[in-house]
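One-letter residues, chain by chain:
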Amino acid sequence: MNPHAKLICASSLIVGTTITISSNHWILAWTGLEINTLAIIPLISKSHHPRATEAAIKYFLTQSTASALILFSSMTNAWATGQWDITQLNHPTSCLMLTMAVAIKLGLVPFHFWFPEVLQGSPLTTALLLSTLMKLPPITLLLLTSQSLNPTLLTLLAISSALIGGWMGLNQTQTRKILAFSSISHLGWMIAVIIYNPQLTTLTFILYTVMTTAVFLSLTKIKVLKLSTMLISWTKTPMLNFTLMLTLLSLAGLPPLTGFLPKWLIIQELTKQEMTLTATILTMLSLLGLFFYLRLAYHSTITLPPNSLNHMKLWRTDKTPNTPTAILTALSASLLPLTPLMITML
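Residues numbered from 1 in each chain as written. Predicted model: local features only at pLDDT ≥ 70, side-chain atom pairs only at ≥ 80, totals over all residues. Heavy atoms only, no water.

Taking an unreviewed UniProt entry as the reference, the protein is identified by name as NADH-ubiquinone oxidoreductase chain 2 belonging to Polyplectron napoleonis. As its UniProt record puts it under Catalytic activity (unreviewed entry), the protein is described as follows: "a ubiquinone + NADH + 5 H(+)(in) = a ubiquinol + NAD(+) + 4 H(+)(out)". Among the UniProt annotations of the protein, the heading Function (unreviewed entry) holds the following wording: "Core subunit of the mitochondrial membrane respiratory chain NADH dehydrogenase (Complex I) which catalyzes electron transfer from NADH through the respiratory chain, using ubiquinone as an electron acceptor. Essential for the catalytic activity and assembly of complex I." (UniProt positions renumbered as here; feature names shortened; annotations may be inferred.)

So this is what it looks like as structure tokens:
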């Protein structure tokens, strides 16, 4: 891809995200979302592969539908209340339409079908952007309107996302699809608590972004797209594969690692709100995710002898140090002792 085109797309992504998260007017927020959508499409389809083109078309159709719903929701609210302020979303129909629109943008169940397919057709770097940066503006809109949204609907979306995200990830062999369903499952946890403690949702999103970025950067470094190639990737960079295993276990939410922190705090918050049943269901559903994370971790560190699989062999492995991956992996594994500090910040 042309470096100038790449620079324009990257700067447009930053500008669009900044406009949406800093605006308090619906039209400005909608404009930022549209800039984001138009900027990411060339990055999705830059390989000119039929699957990449298909992914770009699917992404455009779903995001334009969601943007139209957001615009319709805000206009309905302005018609009924005379307010264009994002925090003044008081009309019940507008709240319902906004929840649906943001669910489509985030890829929450039952609007999740586009997300794994788009990630599978995108390069790893673009898949990282779709899983992290592109989730920020819709989540910001939910945070700003959280006091007006329907708690029952959000709880239903959260439980179904955690269920489908864990269940559909069990049988996947492509790493990008596994991480897509992982993203859906994590978003379910964030949505469950967004009304009761928006700061906790923000913390969960930040930690999820750190861990997912570490996983994607590691996969980009070792050039792994399938579980079958991950089986023999340890011969290239054994230490990177070991740290990838730690990051995957952290994403699973195992106790000594950073990923346990948000799940622990969310369960605690739901219990405080007398939603013990929801907390129990989410905890049980996280076992589904734990299974495929353990599967990924096992594949990343298993010591199979190199065999003749049909994939591209690298004559020389890039052994240059990667500082961002090292920092993010360290954060993914070691932030649990800082829990008291994070609780005081919430």
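What follows picks up the thread again.
The next thing to look at is the packing of aromatic side chains. Given two aromatic rings, one states the distance between the centres and the angle between the planes to describe the pair. Under the counting rule described, the total for this entry stands at 4 aromatic pairs. Pairing Y59 with W114 gives two aromatic rings, centres 5.7 Å apart and planes at 65°, and the pair type is edge-to-face. Highlighted residues: Y59 in helix α3 (residues 50–81) and W114 in helix α5 (residues 114–120), separated in sequence by 55 residues. With respect to class, Y59 is no different from W114; both count as buried. Ring centres 5.4 Å apart and planes at 70° place the aromatic pair W114 and F115 in the edge-to-face group. Residue F115 is classed as buried on the basis of its relative accessible area, which comes to 1%. A cation over a ring is seen here: K135 above F115, with NZ or CZ 3.7 Å from the ring centre. (Phe/Tyr/Trp six-rings, centres within 6.5 Å; stacked < 30°, edge-to-face > 60°. Helix = DSSP H or I, 4+ residues; strand = E, 2+ residues; numbered from the N terminus. Buried < 20%, exposed > 50% of the residue type's maximum accessible area, 1.4 Å probe, protein only. Lys NZ or Arg CZ within 6 Å of the ring centre and 35° of its normal.)

Look at helix α7 (residues 136–144) against helix α10 (residues 198–222): their axes get within 11 Å of each other, and the N-to-C directions meet at 170°. The pairing of α7 with α10 is recorded here as roughly antiparallel in orientation. The segment α7 lies against α10, with L136, I139 and L143 engaging P198, T201, T202 and F205. Considered class by class, the residues forming the contact of α7 with α10 number 5 nonpolar, 2 polar and no charged. (Axes fitted to C-alpha atoms, helices over the stretch in contact; angles between N-to-C directions. Parallel < 35°, antiparallel > 145°, perpendicular 65-115°, else oblique. Contact = heavy atoms within 4.5 Å. Nonpolar A, V, L, I, M, F, W, Y, C, P; charged D, E, K, R; others polar.)

What follows deals with the environment of Y196. Within the secondary structure, Y196 is located in the loop between α9 (175–192) and α10. Sequence separation between Y196 and Q273 is 77 residues; the distance between their C-alpha atoms is 7.7 Å. Aside from chain neighbours lying at most four places away, what touches Y196 is P151, E269, Q273 and M275.

This part takes up the pattern of salt bridges. Per the counting criterion, the structure on display carries 2 salt bridges. The salt bridge involving E54 is made with K58; its shortest N-O contact spans 2.8 Å. Of the two residues, E54 and K58 are both situated in helix α3; the distance of 4 residues between them amounts to about one turn of the helix. Of the residues examined, K58 reaches a relative accessible area of 28% and is grouped as partly exposed. Linking E117 and K177 is a salt bridge whose minimum nitrogen-to-oxygen distance equals 3.3 Å. Note that E117 is positioned in helix α5 and K177 in helix α9, a separation of 60 residues in sequence. In this structure K177 comes out as buried when scored by relative accessible area, which is 18%. (Salt bridge = Lys/Arg side-chain N within 4 Å of Asp/Glu carboxyl O.)

Attention now goes to the domain arrangement of the protein. We note that the domain assignment places domain 1 (1–119) and domain 2 (150–345) within the protein. Here the C-alpha centre of domain 2 lies 24 Å away from the C-alpha centre of domain 1. On the side of domain 2, 15 residues touch domain 1, which itself brings 13 residues to the contact. A buried area of about 1300 Å², summed over both sides, lies between domain 1 and domain 2, and 80% of it is on carbon and sulfur atoms. Three residues, L108, V109 and L119, lead the burial of domain 1 against domain 2; their summed loss comes to 42% of the area buried on that side. At the boundary of domain 1 and domain 2, one finds 1 salt bridge. (Domains from an automatic or database assignment. Buried area = accessible area lost by both parts, 1.4 Å probe.)

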